[in-house]
Amino acid sequence: MMYGESPIRLPRISHVSNSGSDFGSSPHHTSYIVQIPPTPDNNPAQVSIVLRGFDFNPASVLVPSAPGDIDSGSSGKDNEPDLTDVRISEDEDEEEEDTLLYKISYPLTRIVKISPIIIALYRVLIVVRVVSLVLFLFWRIRNPNNKAIWLWLLSVICEIWFAFSWLLDQIPKLFPVNHATDIEALKATFESPDQNNLTGKSDLPGIDVFVSTADAEKEPPLVTANTILSILSVDYPVEKLSCYISDDGGSLVTFESMAEAASFAKIWVPFCRKHKIEPRNPESYFGLKRDPYKDKVRHDFVRERRYVKRGYEEFKVRVNALSHSIRRRSDAYNSKEEIKALEKWKHWKVKVEEDQVKEPRPALVAPKATWMSDGTHWPGTWAVPCPHHSRGDHASIIQVLLDPPGDEPVEGKGGEGRALDFEGVDMRLPMLVYVSREKRPGYDHNKKAGAMNALVRASAIMSNGPFILNLDCDHYVYNSRAFRDGICFMMDHDGDRVSYVQFPQRFEGIDPSDRYANNNTVFFDINLRALDGIQGPMYVGTGCLFRRTALYGFNPPDVCVVEEEPSRCCDCCFPRIKKRSLATVASEPEHYIDVEEEDQFDIGLIRKQFGSSSMLVSSVKVAEFQGRPLATVYSSRRGRPPGSLTGSRKRLDFATVNEAVNVISCWYEEKTEWGFNVGWIYGSVTEDVVTGFRMHEKGWRSFYCVTEPDAFRGTAPINLTDRLHQVLRWATGSVEIFFSRNNAIFAGPKLKFLQRIAYLNVGIYPFTSIFILTYCFLPPLSLFSGHFVVETLTGSFLIYLLIITLSLCGLAVLEVKWSGISLEEWWRNEQFWLIGGTSAHLVAVLQGILKVIAGIEISFTLTAKSSTGGDDEDDEFADLYLFKWTALMIPPLTIIILNIVAILFAVCRTVFSENPQWSNLLGGTFFASWVLLHMYPFAKGLMGRGGRTPTIVYVWSGLIAICLSLLYITIKNSEIDGGRFMLT
């Protein structure tokens, strides 16, 4: 048996909701430790935290008197309660600045400037292209093709839209910027001994990490377990870290795989700390193709690595066999239950026949339950669904798999005879909590956004970290110091105005050519990096570090807010702005109200925003205080005192965990602001973009953190079908945004102009598919009719076309230069932009319009995180050749066939014509070839591996060819005369 392991007995669920279920909570509770932050009472200077409109009592913040009591009130207008306006006020006797309260801190972030020459050339080329586009469109309008006015009109309309769409995409890229962090300065500021922290104990704020999964079949538990292991072993203070796994499917397989991961973490995490392992995902680490012994100097590394690798292989076998073992276990228990039910029925029958006693007839057949290892029913989803145990109907579950650690390091043991020598290595592990929110029929559970909001509430009660990092189950921590990079932005000067830090998404398992632009490097390394120079990048769903109070819907500190009542005739269009007091430290709701203005508060307003949980409401002000940067000589007004987060933590009791179960119930969000103004925003399949937009709309700032090595890595679908469906979901969410109040046109005045343009482009870009599809059909129409978009290929037309093309190429080269991507990646993005525009984007527009007009809801299925396919299962890129037919492929396939047939037809007609029109042939063939060149990845995907094209492709090609032939036959008595069709 390996060191640190014991015979595994999976934990029993002791915290489940009994709302609508036949399972209650156990009265027995194991010992827990809650990560509740200390109050500033033990700070060097006397500091009082005063909540406007509340009677602040530090004890009431940490330990609420009774469930349901509201320990704090508010004063507000328009049902917008002021919950967390926290002020630091020193005693009147201490008017002078106390030097012990402040600390000299060095900048934690810096701007890495891009070459001014490159930026200047970049902006000049943008201006040149804008001017050339305006002149070109003006020339096109003034020079119509009278021989084919319909062809000219369609082309001009499309070109005007393309110019407008390009402008929306290009303008926000005027101010690209790179940011860098200084982790050593962070350590010197927060983890070095000084007058306020003599022991050098970490003064960093806590981080709650959210990992979401919903389907144990499409999201393999082994992948999720590796992500959890990479989080538990990050280079961040153990006592400041908590990890929550949200299982929205309520699967016992996921639960037991997390329990297995918690057991294996007892040797994996200390091993990583001792030998500084990178990356700390065991699957990725043991699969590295480079030399694992490079730069390793400890003599015991080889032996311990071999031991841990063997342990991981055994761990993989156990996790992969969980589905089978649970089924066998459940069958055995169900057989016993059926025998008991039969015996009970026989006993009842004998009793009724002999004693003539009327008793209710017992059930003859026992339910096909799913059983846990301790012989109890699993309160979540059963393998054979039944009432109260299906994916949409099950109890809420919270289980602490790893208890919160203590404040002092716990060193491991070493010596001869031990397989693993962990002497001097901290053996503590971060808290790990399994969460499955309650689901009942008749409730709208709001998919991933609802699951994330449930985690926000549960974590606020159990650990209340002021910062939240969310990750998808297949995105693991690749750089163990990435958490510190993100905190640098939050703890820097004016860091309290930062709502979130977005990390780029990086992917593994992508084919070397990146056929379908799965890496999205243009978006992550150009678009988001450019937004970092304005108001910050968009939130893109995973790899994002949030400020908890920003998620709560509050405004950033010291920003201008809109007054409620207009006092001038033009105030309805241009609201008046007033400056908040510099003494105000916390985030506030929309309307700022002084204490003197409102002495009374309405408890109902508090419950309307956050719900009825007193613990949740009390945690808000504590999280706000913890999330402030340090009070330094540079920034003393809004900072927290140094050393205020080095105190001991209180233990987690039964009442706290029970309250966490209560706030993840399906009824909790009723008549509250959750999903509307608080937490992740509901109403869109792209809840990530909407949530980030709401924060920017309130005036918050975000940052883009690019680390070396990458902070996180994940997987992406590499086969064509899954990729198209992924793009379809994103585009549908954008259409929903366009038709909702989250359209950037309706945003408030705090959203900067260029940021507004970027968000406006998010909602508009799917509509470009209408014009792309039309433009792709213009070359075959031109070749079939013998006309071109212009009457003749004049010098002016060719010069304009040359300037526009060269300026685009120049912009591409400069973007590659300042972003660091390759030209091939830029070209792949251009190709898939056309493929997606003629397939997924078009369907997204149709679905969005149907939802707005007819109210038809759109449902999507999860994309499988991993799959097997192809002839060679050992092929790393076997999924690339996995072909699954979808209706999304019909428009691109039609475009390819039409353009090929049109080129062949036009060449034959021109060659055998008495009066050939070579200019029209040249122009039409050029544009048709341009379309086919963009469609090349799509065509290659249809051909499959080794050119073995699936039969369905031939079928659809034949149908399309027949339709075109019938269309041609209907043109009766047509003849070729002068390069064009003459109908008689």
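Residues numbered from 1 in each chain as written. Predicted model: local features only at pLDDT ≥ 70, side-chain atom pairs only at ≥ 80, totals over all residues. Heavy atoms only, no water.

Right, let's get into the packing of helix H3 (residues 149–170) against helix H19 (residues 753–764). In contact at an axis separation of 8 Å, H3 and H19 are set at 135° when each is read in the N-to-C sense. Between H3 and H19, the angle is such that the two are oblique. Across the interface between the two elements, Trp161, Phe164, Ser165, Leu168 and Asp169 from H3 touch Ile757, Leu760, Asn761 and Ile764 from H19. Here the residues of the contact of H3 with H19 are counted per class, giving six nonpolar, two polar and one charged. (Axes fitted to C-alpha atoms, helices over the stretch in contact; angles between N-to-C directions. Helix = DSSP H or I, 4+ residues; strand = E, 2+ residues; numbered from the N terminus. Parallel < 35°, antiparallel > 145°, perpendicular 65-115°, else oblique. Contact = heavy atoms within 4.5 Å. Nonpolar A, V, L, I, M, F, W, Y, C, P; charged D, E, K, R; others polar.)

Attention now goes to the UniProt feature "binding site: Mn(2+)" (unreviewed entry) in the chain. Under the local residue numbering, the UniProt record ascribes the feature "binding site: Mn(2+)" (unreviewed entry) to Lys448 and Asp472. A compact arrangement is adopted by the annotated residues: their sequence extent is 25 residues, whereas the largest C-alpha distance between any two is 10.4 Å. Locating lysine 448 in the fold gives a position in helix H10 (residues 447–462). With sequence-adjacent residues up to four places away left out, lysine 448 is seen in contact with Ser212, Asn470, Asp472, Gly541 and Glu687. For aspartate 472, the location among the structural elements is in strand E9 (residues 467–472). Excluding its chain neighbours within four sequence positions, the residues that come into contact with aspartate 472 are Val211, Ser212, Thr227, Lys448, Gly541 and Thr542. (UniProt positions renumbered as here; feature names shortened; annotations may be inferred.)

Okay, the sheet that holds strand E5 (residues 207–213) next. Within the open sheet, the eight strands sit side by side as E7-E8-E6-E5-E9-E13-E11-E16. Their pairing is mixed. Of all the strands in the sheet, just strand E7 (397–402) and strand E16 (701–704) have a single pairing partner and so form its edges. Between one strand axis and the next, the sheet turns through 20° on average, direction left out of account. Relative to strand E11 (residues 498–502), helix H17 (residues 687–697) is tilted by about 140°, and along the sheet it contacts E11, strand E13 (544–547) and E16. (Pairing = 2+ DSSP bridges.)

Once that is clear, we can look at a nonpolar patch on the surface. Among the surface-exposed residues, Val124, Val128, Ile799 and Ile803 lie close enough to one another that they form a single nonpolar patch of about 320 Å² accessible area. Relative to the helices and strands, isoleucine 799 resides in helix H21 (residues 795–819). (Patch = residues over 30% accessible without salt bridge, like charges linked within 9 Å, V, L, I, M, F, W, Y side chains within 5 Å. Areas by Shrake-Rupley, 256 points an atom, 1.4 Å probe, with all protein chains shown as cover. Salt bridge = Lys/Arg side-chain N within 4 Å of Asp/Glu carboxyl O.)

Scanning the entire structure with this criterion turns up 36 salt bridges. For the salt bridge of aspartate 494 with arginine 497, the shortest nitrogen-to-oxygen distance reads 2.9 Å. With relative accessibility at 41%, the residue aspartate 494 sits in the partly exposed group. Connected through salt bridges with shared partners, the residues Arg506, Glu508, Asp525, Arg529, Asp710 and Arg713 form a single ionic network. (Buried < 20%, exposed > 50% of the residue type's maximum accessible area, 1.4 Å probe, protein only.)

A separate point is the UniProt feature "binding site: UDP-alpha-D-glucose" (unreviewed entry) in the chain. The UniProt entry lists Ser212, Lys218, Glu219, Asp248 and Lys447 under the feature "binding site: UDP-alpha-D-glucose" (unreviewed entry), expressed in the numbering used here. Tracing the backbone through its elements, the reader meets lysine 218 in the loop between E5 and helix H5 (221–232). For lysine 218, a relative accessible area of 29% gives the class partly exposed. Tracing the sequence through the fold places aspartate 248 in the loop between strand E6 (241–247) and helix H6 (252–275). Not counting residues within four places of it along the chain, the set of residues in contact with aspartate 248 comprises Thr213, Ala214, His394, Arg437, Lys439, Lys447 and Ala451.

What follows deals with the packing of aromatic side chains. This model, assessed by the stated rule, comprises 48 aromatic pairs. On the numbers, 5.4 Å between centres and 55° between planes, the contact of tryptophan 161 with phenylalanine 164 is tilted. A residue pair is termed a helical-turn pair when its members lie 3 or 4 positions apart in one helix, as tryptophan 161 and phenylalanine 164 do in helix H3 at three residues. Ring geometry for phenylalanine 676 against tyrosine 682: centres 6.5 Å apart, planes inclined by 70°, an arrangement best described as edge-to-face. A network of ring pairs unites the aromatic residues Phe264, Trp268, Phe271, Tyr285, Phe286, Phe301, Tyr312 and Phe315 as a single cluster. (Phe/Tyr/Trp six-rings, centres within 6.5 Å; stacked < 30°, edge-to-face > 60°.)

The subject of this paragraph is the packing of helix H18 (residues 720–738) against H19. As a packed pair, H18 and H19 sit with axes 7 Å apart at the nearest point and diverge in direction by 115°. Within the contact between the two elements, H18 uses Ser734, Ile737 and Phe738 and H19 uses Val762, Gly763 and Ile764. Classifying every residue of the contact of H18 with H19 by side-chain character gives four nonpolar, two polar and no charged.

Attention now goes to the sheet that holds strand E10 (residues 476–477). Pairing is mixed across the open sheet formed by three strands, whose spatial order is E10-E17-E12. Where the open sheet ends on each side, the last strands, each with one partner, are E10 and strand E12 (506–508). In terms of strand pairing, E10 meets strand E17 (residues 712–715) through two bridges, oriented antiparallel. Directly across from tyrosine 476, in E17, lies its bridge partner arginine 713.

This part covers the pairing of E11. With respect to burial, E11 is a largely interior element, five of its five residues being buried. Bridge analysis of E11 against E16 gives four bridges, and the strand direction is parallel. The residue of E16 that forms the bridge with valine 501 is phenylalanine 703. As defined by bridge partners, E11 adjoins E13 across three bridges and the pair is classed as antiparallel. In the sheet register, valine 501 faces E13, and the bridge partner there is leucine 545.

What follows is about H6. With 24 residues, H6 should cover 34 Å at 1.5 Å per step; its first-to-last C-alpha distance of 34 Å lies within 8% of that length. Most pronounced at alanine 265, the bend in H6 amounts to some 45°. The N-capping residue of H6, defined by a side-chain oxygen 3.2 Å from the backbone nitrogen of valine 253, is serine 251. Within two residues after H6, lysine 276 carries a phi angle of roughly 55°, on the positive side. (Expected span 1.5 Å × (residues − 1). Bend = angle between axes of the 7 residues up to and from the residue. Polar contact = N/O pair within 3.5 Å; in protein donor to acceptor, adjacent residues only side chain to side chain.)

With that out of the way, let us pick up unusual backbone geometry. A cis amide bond links glutamate 278 with the next residue in sequence, proline 279, at an omega value of -10°. Structurally, proline 279 can be placed in the loop between H6 and helix H7 (282–286). Residue proline 709 is reached from glutamate 708 by a cis peptide bond, and omega for that bond is 0°. Its place among the elements puts proline 709 in the loop between E16 and E17. At aspartate 494, a position not held by glycine, the phi torsion is positive, near 60°. Position of aspartate 494 among the secondary structure elements: in the loop between helix H11 (482–491) and E11.

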